[in-house]
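Secondary and tertiary structure notes
If you want the building blocks of each chain, they are given just below.
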Amino acid sequence: MKIIFLGTPDFSAEVLKKLHAVHGVAAAVTGPDKPVGRGYEVKASPLKECATALGIPVLQFEKVSRDGLEQVAAIGADLAVTAAFGQILSEKFISLFPFGVLNVHASLLPKYRGASPIQWSIINGDEETGITIMRTVKAVDAGDILLQKRIAIGKKETAGELFDRLASLGGEAICEAVDLLESGKAEFTPQDESKVTHCGMITKADGKLDFSKTARSLDCFVRGMTPWPSAWTELDGKRVKVFDVEPAEGRGEAGEVLAASSAEGLVVACGDGAVRLAVLQPEGKSRMSDIAYLAGHRIPTGSILR
């Protein structure tokens, strides 16, 4: 079976590696190289870098359904596979492939259709998540399901750690899915529309901590926002990222600093008690413990973090 692969970030690159090793990939499709970082250095997507290293031809389009139909059709692929591609595919594009388009989605659909399922599974305190291989249709993440694989979410697992595990699982799942197609054993099941939930793109602004939430919710939120865009609050008049919170003793107004000392660390009141902001990163600095942060910053008890 001749396969093309469409993707963009590290997640898709990991899936590509496994699929290519087992079934071979004829070509990879991704977006144009873009400027990134403070220096606006033009860089290729992780998918392009991976495909190039594997010797897979790469095609790049701002919108493949608009600009790439002829070039993609000329490949003569039987199947297209997408993973975190970030572009909506037209019905005309999907019709190019006799076996259609399969998508590798990092949730147990129909839960968490959309752009940030990994983060929200942690933020919402889910105990498990997984990979869904589904048929791509014009509506986002709404196609029939071919197979799913489940994994438990670790109690202190971050979104970044879960990304890595799900990318590996996604590679295994798509290889199994292609085997089913080739053997004629593939069976697709429609999604239960009554159980659909959606999750949109996360932005830096979304990382602001809300101390009216419970200690458990704050822990889930911080882990779900790690490593990007990071949870944050304002300390000493400046934005500070927070990478770990722990339950603590005390009560007060939500956001009230209850303790800020080398003995107790930085303890803040929350919705059901208090949390310690155990690992911080001030602007322009490396991550550090709250004790190290307090050695250089005086945070008055009774002040309120908004």
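Below, the structure is looked at part by part. Since this is a predicted model, take the numbers as computed values, not measurements. Residue indices begin from 1 for each chain and proceed along its sequence in written order. In view of the model being predicted, local features appear only for residues whose pLDDT reaches at least 70, and side-chain atom pairs are presented and counted only at 80 or more, with totals across whole chains, interfaces and linings using the full set of residues. Hydrogens and water are ignored here; the side-chain numbers use all heavy atoms of the structure.

Before going further, it helps to examine a positive patch on the surface. Taken together, Arg38, Lys204, Lys208, Arg239, Lys241 and Arg287 make up a surface patch of like positive charges. The way it works is that DSSP assigns letters per residue, a run of H or I at least four long becomes a helix, a run of E at least two long becomes a strand, and they are numbered from the N terminus. Structurally, the position occupied by Arg38 is in the loop between strand S3 (34–36) and strand S4 (41–43). The class of Arg38 is exposed, set by a relative accessible area of 86%. Patch construction takes residues with relative accessible area above 30% that form no salt bridge. Like charges are linked within 9 Å, and nonpolar side chains (Val, Leu, Ile, Met, Phe, Trp, Tyr) are linked within 5 Å. Accessibility throughout is a Shrake-Rupley quantity obtained with a 1.4 Å probe, and a residue counts as covered only by protein chains that appear here. Salt bridges are defined as contacts in which a side-chain nitrogen from Lys or Arg sits within 4 Å of a carboxyl oxygen from Asp or Glu. Residues scored as positive are Lys and Arg, those scored as negative are Asp and Glu, and His as well as the terminal groups of each chain are ignored. Note that the charge is assigned to NZ on lysines, CZ on arginines, CG on aspartates and CD on glutamates. When a residue's accessible area, from a 1.4 Å probe over protein chains only, is under 20% of the maximum for its type it is buried; when over 50% it is exposed; and in between it is partly exposed.

Turning our attention to the packing of aromatic side chains. Only the six-membered ring of Trp is used, alongside the rings of Phe and Tyr, when aromatic pairs are assigned; centres must lie within 6.5 Å, and planes under 30 degrees apart are stacked while those over 60 apart are edge-to-face, with the rest tilted. A complete count under the given rule lists 1 aromatic pair for this structure. Between Phe93 and Phe97, the aromatic rings sit 5.3 Å apart at their centres with planes inclined by 65°, giving edge-to-face as the arrangement. Taking the relative accessible area as the measure of exposure, Phe93 reaches 0% and is therefore buried. The aromatic ring of Trp232 is capped on one face by Arg239, whose charged end is 3.5 Å from the ring centroid. Put simply, a charge is over a ring when the Lys NZ or the Arg CZ is close to the ring centre, within 6 Å, and near the line of the ring normal, within 35 degrees. The residue whose ring lies beneath Arg287 is Phe243, and the NZ or CZ to ring-centre distance is 3.5 Å.

On to the nonpolar core. Grouping buried Ala, Val, Leu, Ile, Met, Phe, Trp, Tyr and Cys residues that are joined through side-chain atoms within 4.5 Å yields what is termed a nonpolar core. Membership of the largest hydrophobic core comes to 38 residues, with the highest contact counts inside it found for Ile133 and Ile174. Here this core takes 11 residues from helix H7 (residues 159–183), the largest share from any one element. When neighbours within four sequence positions are excluded, Ile133 is seen to be in contact with Leu102, Asn103, Val104, Ile145, Leu146, Leu147, Ala173, Ile174 and Ala177. Here a residue-residue contact requires only that any non-hydrogen atoms of the pair lie within 4.5 Å.

In this section: the layout of surface pockets. In this approach a probe as big as a water molecule rolls over the atoms, and the regions it shows empty are the leftover space. In this analysis a 1.4 Å probe is tested at points of a 1 Å grid over the protein atoms alone, and where it fits but cannot get out there is a cavity; an open set with protein on both sides within 12 Å along at least five of seven lines is a pocket; lining residues have an atom within 4 Å of a point. Grid points are joined across faces, edges and corners, and a volume is the space filled by probe spheres set on the points. Put simply, the second largest pocket is a space of about 330 Å³. Considering the residues around the second largest pocket, the lining is formed by 14 residues, among which Arg38, Pro229, Arg239, Lys241 and Glu283 are closest to the centre. For the lining of the second largest pocket, the secondary-structure elements that each account for two or more residues are strand S13 (238–248) and strand S16 (273–282).

A word on helix H8 (residues 215–224). By the criterion of burial, H8 is predominantly enclosed, with 8 of the 10 residues buried. Among all positions in H8, only Ala215, Leu218, Asp219, Cys220, Phe221, Val222, Arg223 and Gly224 are buried. In the core, the buried residues of H8 are packed alongside helix H6 (117–123), H7, strand S12 (231–235), S13, strand S15 (265–270) and S16.

Bringing the environment of Ala259 into the picture now. Considering the arrangement of structural elements, one finds Ala259 in strand S14 (residues 257–261). On the basis of relative accessibility, which here comes to 4%, the residue Ala259 falls in the buried class. Measuring from C-alpha to C-alpha, the distance between Ala259 and Pro35 comes to 43 Å, with 224 residues separating the pair along the chain. Other than its neighbours up to four places away in sequence, Ala259 contacts Glu264, Gly265, Leu266, Val267 and Thr301.

Counted according to the given criterion, the structure contains 15 salt bridges. Notably, a salt bridge pairs Lys17 with Glu14, separated by 3.8 Å at the nearest N-O pair. With a gap of 3 residues between them, Lys17 and Glu14 both fall in helix H1 (residues 10–23), about one helical turn apart. You can call Lys17 partly exposed: its relative accessible area is 42%. Asp219 is the salt-bridge partner of Arg223, the closest N and O atoms lying 3.2 Å from each other. With Arg223 and Asp219 both in helix H8 and 4 residues apart, the pair spans about one turn of that helix. With respect to burial, Arg223 and Asp219 carry one shared label: buried. Here the residues in one salt-bridge network are Lys156, Arg216, Asp219, Arg223 and Asp244, joined through shared partners.

Read across the sheet, 7 strands follow the order S5-S2-S1-S6-S7-S9-S10 without closing on themselves; strand pairing throughout is mixed. Whereas interior strands pair on both sides, the edge strands pair on one side only; in this sheet they are strand S5 (58–60) and strand S10 (145–152). Across the sheet, the mean angle from the axis of one strand to that of its neighbour is 20°, orientation sign disregarded. Whether two strands pair depends on DSSP finding at least two bridges between them. With 4 bridges connecting them, strand S7 (residues 101–105) and strand S9 (residues 128–135) associate as antiparallel partners. Looking across to S9, one finds that Leu102 is bridged to Arg135. Sitting on the sheet, H1 touches strand S1 (3–7), strand S6 (79–83), S7 and S9, and the angle it makes with S1 is about 170°. Sitting on the sheet, helix H2 (residues 46–54) touches S1, strand S2 (27–30) and S5, and the angle it makes with S2 is about 165°. Angles here are taken between N-to-C directions and fall from 0 to 180 degrees, while the axes themselves are lines fitted to C-alpha atoms, restricted in helices to the stretch in contact.

Contact geometry of H1 with H2 gives a least axis separation of 7 Å together with a crossing angle of 25°. Taken together, the axes of H1 and H2 lie roughly parallel to each other. Considering only the axes of H1 and H2, their crossing is right-handed. In contact with Asp10, Ser12, Ala13, Leu16, Lys17 and His20 of H1, H2 contributes Pro46, Leu47, Cys50, Ala51 and Leu54. A class-by-class count of the residues in the contact of H1 with H2 yields 7 nonpolar, 2 polar and 2 charged. Note that the term roughly parallel is reserved for angles under 35 degrees, roughly antiparallel for angles over 145, roughly perpendicular for angles of 65 to 115, and oblique for everything else. Two helices crossing with the near one rotated counterclockwise from the far one by less than a right angle form a left-handed crossing, whereas a clockwise rotation gives a right-handed crossing. Three classes are used, and their members are as follows: Ala, Val, Leu, Ile, Met, Phe, Trp, Tyr, Cys and Pro are nonpolar, Asp, Glu, Lys and Arg are charged, and the others, Gly among them, are polar.

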